[in-house]
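# Geometric and topological summary
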Amino acid sequence: MEYPDNIDDWREAGKLAAKALQFGLKQIKPGAMLVDVAESVEQKILSMGGDMAFPTQISCNSIAAHFCPEHDDNAVFEDQVVSLDVGVHVNGAIGDNARTVDLSRKHAQLVKASEDALDNAIKIVKAGISIGEIGRAIQDSITAYGFSPINNLGGHGLDIYNIHCKPTIPNYDTGDSTTLTAGQIIAIEPFATDGAGMIYESDRATIFAMVQKKPVRNMFTRQVMAEVDKYKGLPFTTRWLMKKFPAIKVNFALKEMLNLGIIKDYPPLPEKNKGIVSQAEHTIIITDDGCEILTISD
Ligand code: MN
Ligand code: MN
């Protein structure tokens, strides 16, 4: 097989993402503030020489993904089921990984279901496997515990400065016969729930990404857009912008950029029946006879 020319960047991004995730997981304890954990994970990423591929996501209980605390969020960890999703990029090559911590001590099996599903998917993945087969392995692992996979969330391909590209890696058997090829880089991310197995988009997003730069007249919006442009299309969060601009400026500019179609928003994704959700994720590169897990530290 042929590795991409920049395989060293992908391995480095994966290693730093794994280290940052481990670092963050240790801080998820009752009494700690969500925003402090997000900040310290991101400081850790920068101190190791990486950069954020997306804002640190800390999704609790029935929120499956895309929750990122704001700068003035005073929520603390108590007894939630907490999914921490961390992304690092090195020259645009991305490591994307996640784990769930059960502070409630009531959902150990749910956490194990998504971890097992990830392990079992990784065991069978290799060049030539179909996307449907991976989905089936995930589905079978999760239903064996009596839980449901979340059907409208899944893994994805990764490319330079592109966090989500084809193919979608489903968390159930879609029957998709598309096969994976050696050298392809994907994230596999099973979500398990005791709810309906579906998420919906809520409101009040704190995560955004630029989709298209356009001329704007307003000076505030122009300034914020210039800052946002530095993320090269990767997702960013309001908390980062609040460090550079007053809140009123940021809120105005985000609203205008959304209206103009310059950015898109990623609102939190709650489970349809308020089921508790667990998630486990690795970024891997497909090889002829298996895969190499990239989000692993040594
Ligand atoms: Mn992720
Ligand atoms: Mn992902």
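You'll find the structure just up there.
Presented here is a report on the structure given in the accompanying data block. (Residues numbered from 1 in each chain as written. Chains lettered and ligands numbered in written order. Predicted model: local features only at pLDDT ≥ 70, side-chain atom pairs only at ≥ 80, totals over all residues. Heavy atoms only, no water.)

## Things to note about the overall build of the chain
Across its full length, the chain holds 7 helices and 16 strands. Expected size for 298 residues packed as a compact globule is a radius of gyration near 19 Å; at 19 Å, the chain falls within 12% of this value. Structurally, the chain occupies a C-alpha span of about 55 × 45 × 35 Å along its principal axes. The contacts in the chain between residues at least 6 apart in sequence include a share of 76% that link residues at least 24 apart. Carbon and sulfur atoms form 48% of the exposed surface of the chain, whose accessible area is close to 13,100 Å². Separation of charge centres in the chain, based on 29 positive and 39 negative side chains, amounts to 6 Å. (Helix = DSSP H or I, 4+ residues; strand = E, 2+ residues; numbered from the N terminus. Rg over C-alpha atoms; globule rule 2.2 N^0.38 Å. Contact = heavy atoms within 4.5 Å. Areas by Shrake-Rupley, 256 points an atom, 1.4 Å probe, with all protein chains shown as cover. Lys, Arg positive; Asp, Glu negative; His and termini not counted. Charge placed at Lys NZ, Arg CZ, Asp CG, Glu CD.)

## Focus on the packing of aromatic side chains
For any pair of aromatic rings, the description consists of the separation of the ring centres together with the inter-plane angle of the planes. Following the criterion strictly, the structure yields 3 aromatic pairs and no others. Seen in terms of ring centroids, Y231 and F236 are 5.5 Å apart; in terms of plane orientation they differ by 15°. Their pairing is stacked. Using a relative accessible area of 19% as the deciding quantity, one classes Y231 as buried. In textbook terms, an aromatic cluster arises when at least three aromatic residues are bridged by ring pairs, as seen for F208, Y231, F236 and W240. (Phe/Tyr/Trp six-rings, centres within 6.5 Å; stacked < 30°, edge-to-face > 60°. Buried < 20%, exposed > 50% of the residue type's maximum accessible area, 1.4 Å probe, protein only.)

## Describing the sheet that holds strand β8 (residues 185-188)
The strand order across the open sheet built from 5 strands is β7-β6-β8-β15-β16, with neighbouring strands paired in antiparallel fashion. Looking at the sheet topology across the chains shown, the edges are occupied by β7 (162-169) and β16 (290-293). Adjacent strand axes in the sheet meet at a mean angle of 40° when their direction is disregarded. Pairing of strand β6 (residues 155-159) with β7 involves 3 bridges; the strand directions are antiparallel. Bridge pairing links G157 to C165 in β7. Across the sheet, helix α3 (residues 108-124) touches β8, β15 (282-287) and β16, and the angle it forms with β15 is around 15°. (Pairing = 2+ DSSP bridges. Axes fitted to C-alpha atoms, helices over the stretch in contact; angles between N-to-C directions.)

## Re the coordination of the manganese ion (ligand 2)
In an ideal octahedron of six donors the angles at the metal are 90 or 180 degrees, and in an ideal tetrahedron of four donors they are 109.5 degrees. Taken together, D96 (OD), H156 (NE2), E189 (OE) and E281 (OE) make up the full set of protein donors to the manganese ion (ligand 2), lying 2.1 to 2.2 Å away. All donors to the manganese ion (ligand 2) come from one chain, and their sequence spacing reads D-x59-H-x32-E-x91-E. Separating the manganese ion (ligand 2) and the manganese ion (ligand 1) is a distance of 3.2 Å, and D96 donates to both of them. In this pair, D96 sits in strand β4 (residues 93-102) while H156 sits in strand β6, placing the two residues 60 residues apart along the sequence. (Donors = N, O, S within 2.8 Å, 3.2 Å for Na, K, Ca; no water.)

## Concerning the layout of surface pockets
What the largest pocket holds in volume is close to 440 Å³. Lining the largest pocket we find 27 residues, and of these H66, G154, H156, H164 and E189 sit closest to its centre. Contributing elements (two or more residues each) for the lining of the largest pocket: β1 (51-60), β6 and β7. For the lining of the largest pocket, the element with the most residues is β7, which contributes 6 residues. By residue class, the composition of the lining of the largest pocket is 12 nonpolar, 10 polar and 5 charged. (1 Å grid on protein atoms, 1.4 Å probe; cavity = no way out; pocket = protein on both sides within 12 Å on 5 of 7 lines; lining within 4 Å. Points joined across faces, edges and corners; volume = space filled by probe spheres on them. Nonpolar A, V, L, I, M, F, W, Y, C, P; charged D, E, K, R; others polar.)

## Some thoughts on a nonpolar patch on the surface
There is a patch of nonpolar side chains on the surface, built from M219, F220 and F252 and spanning about 280 Å² of accessible area. For M219, the position within the fold is in helix α5 (residues 219-228). (Patch = residues over 30% accessible without salt bridge, like charges linked within 9 Å, V, L, I, M, F, W, Y side chains within 5 Å. Salt bridge = Lys/Arg side-chain N within 4 Å of Asp/Glu carboxyl O.)

## A few points about the coordination of the manganese ion (ligand 1)
Taken together, the protein ligands of the manganese ion (ligand 1) are D85 (OD), D85 (OD), D96 (OD) and E281 (OE), with distances of 2.1 to 2.3 Å. Motif for the manganese ion (ligand 1), donor spacing along one chain: D-x10-D-x184-E.

## Side note on helix α7 (residues 247-259)
Between the first and last C-alpha of α7 there are 18 Å, a value that for 13 residues agrees with the 18 Å anticipated at 1.5 Å per step. If you check which residues of α7 are buried, you get K249, V250, A253, L254 and M257. Taken end-on, α7 shows its buried residues confined to a sector of 125°, consistent with a single buried face. Facing away from the buried side of α7 by over 90 degrees, the exposed positions are I248, K255 and N259. Next to the buried residues of α7 lie β10 (207-210), α5, β11 (236-237), α6 (238-242) and β12 (263-265). Looking one or two residues past α7, G261 carries a phi angle of roughly 75°, positive in sign. (Expected span 1.5 Å × (residues − 1). Arc of directions from axis to C-beta.)

## Here we look at the environment of I7
Among the secondary structure elements, I7 is positioned in helix α1 (residues 7-25). Distance from I7 to L241, taken between C-alpha atoms, is 31 Å for residues 234 residues apart in sequence.

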